[in-house]
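Here is how the chains run, residue by residue.
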Amino acid sequence: MGYRTSRYYIVLVLLLLLLAGINAVLAQQIQLPVYIPAVNVSITALSANGMPLTKYAIVGITCAQYNVSNIGQISAVIPIPSTGSITCKAYAYSFGVYSSKTIVLTTNESGESIPVTLVIPVSGYYVPGIGFVPVGTLVAIAVVIIIIIILITIALIEYSNWRRKRLARLIKPPE
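Residues numbered from 1 in each chain as written. Predicted model: local features only at pLDDT ≥ 70, side-chain atom pairs only at ≥ 80, totals over all residues. Heavy atoms only, no water.

J.: With reference to specific residues and values, describe a positive patch on the surface.
T.: A surface patch of like charges, here positive, comprises Arg163, Lys165, Arg166 and Arg169. Secondary-structure assignment places Arg163 in helix α2 (residues 135-171). (Patch = residues over 30% accessible without salt bridge, like charges linked within 9 Å, V, L, I, M, F, W, Y side chains within 5 Å. Areas by Shrake-Rupley, 256 points an atom, 1.4 Å probe, with all protein chains shown as cover. Salt bridge = Lys/Arg side-chain N within 4 Å of Asp/Glu carboxyl O. Lys, Arg positive; Asp, Glu negative; His and termini not counted. Charge placed at Lys NZ, Arg CZ, Asp CG, Glu CD. Helix = DSSP H or I, 4+ residues; strand = E, 2+ residues; numbered from the N terminus.)

J.: Report on the side chain of Ser94, specifying residues and quantitative values.
T.: Relative to the elements of secondary structure, Ser94 occurs in strand β5 (residues 85-94). The class for Ser94 is buried, based on a relative accessible area of 1%. The contact partners of Ser94, leaving out residues within four places of it in the chain, are Leu53, Tyr56, Ala57, Ile120 and Val122. (Buried < 20%, exposed > 50% of the residue type's maximum accessible area, 1.4 Å probe, protein only. Contact = heavy atoms within 4.5 Å.)

J.: Got a sec to walk through a nonpolar patch on the surface? Specific residues and values, please.
T.: Among the surface-exposed residues, Val139, Val143, Ile146, Ile147, Ile150, Leu151 and Ile154 lie close enough to one another that they form a single nonpolar patch of about 630 Å² accessible area. Overall, the relative accessible area of 46% leaves Ile154 in the partly exposed class.

J.: Summarise the packing of aromatic side chains; cite the residues concerned and give the values.
T.: Within the structure shown, the criterion is met by 3 aromatic pairs. Arranged with centres 6.1 Å apart and planes meeting at 25°, the rings of Tyr56 and Phe95 form a pair that is stacked. Highlighted residues: Tyr56 in the loop between β1 (38-46) and β2 (58-62) and Phe95 in the loop between β5 and β6 (97-106), separated in sequence by 39 residues. Between Tyr91 and Tyr98, the ring centres sit 6.4 Å apart and the planes meet at 20°, which makes this aromatic pair stacked. Note on Tyr91: relative accessible area 17%, which makes it buried. What makes Tyr98 partly exposed here is its relative accessible area of 44%. (Phe/Tyr/Trp six-rings, centres within 6.5 Å; stacked < 30°, edge-to-face > 60°.)

J.: Explain the sheet that holds β5 to me, and be specific about the residues and the numbers.
T.: Pairing within the open sheet is antiparallel, and its 4 strands lie in the order β3-β2-β5-β6. Here the strands that pair on one side only, and so sit at the sheet edges, are β3 (67-71) and β6. Going from strand to strand, the sheet's axes swing by 15° on average, the running direction of each strand aside. Sheet topology note: the β5/β6 ladder contains 10 bridges and is antiparallel. Bridge pairing in β6 links Ser94 to Val97. (Pairing = 2+ DSSP bridges. Axes fitted to C-alpha atoms, helices over the stretch in contact; angles between N-to-C directions.)

J.: Kindly report on the state of the cysteines, identifying the contributing residues and their values.
T.: One pass over the full model with this rule turns up 1 disulfide. Bridging Cys63 to Cys88, the disulfide has an S-S length of 1.9 Å. Taking the torsion about the sulfur-sulfur bond, which here is approximately 110°, the covalent link between Cys63 and Cys88 counts as right-handed. Note that Cys63 is positioned in the loop between β2 and β3 and Cys88 in strand β5, a separation of 25 residues in sequence. Cys88 gets classed as buried once you look at its relative accessible area, which sits at 1%. (Disulfide = S-S within 2.5 Å.)

As structure tokens, this is what we get:
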């Protein structure tokens, strides 16, 4: 029995050594890098008066089989064909207004970084603590404040008239 089990152990150890050697040979294989032509496209959304809409715009790019979007700013690596070109559409959407631009990428631009700036025709101001506020919102807030002031003025006039009539009744009782 001892002779047979020792033979099995020897065979098992030889198999393990053989597997370890094969694994070492496979680990030492040289991997060749594969270069895919690609272009880095950076898209930024700006308002009409040049303010960056970093938190307020949905920005994206759509190519043949590639679609990516983000809020504010986007940087995407677009693979391009080795011959010919690929047409992409960069877009931005903010406060109900849409802007887009068509970009044609060729192999000549491979490895480059292309900045794309989209101007969304929304004008506004940066309010500290609040952020970017469009002009339309500022006008609506001003109109609401004016209406509230008019209502308060009317209420004060009516209250003054009511008090005057009440005091007049106290001074001169009805006959």
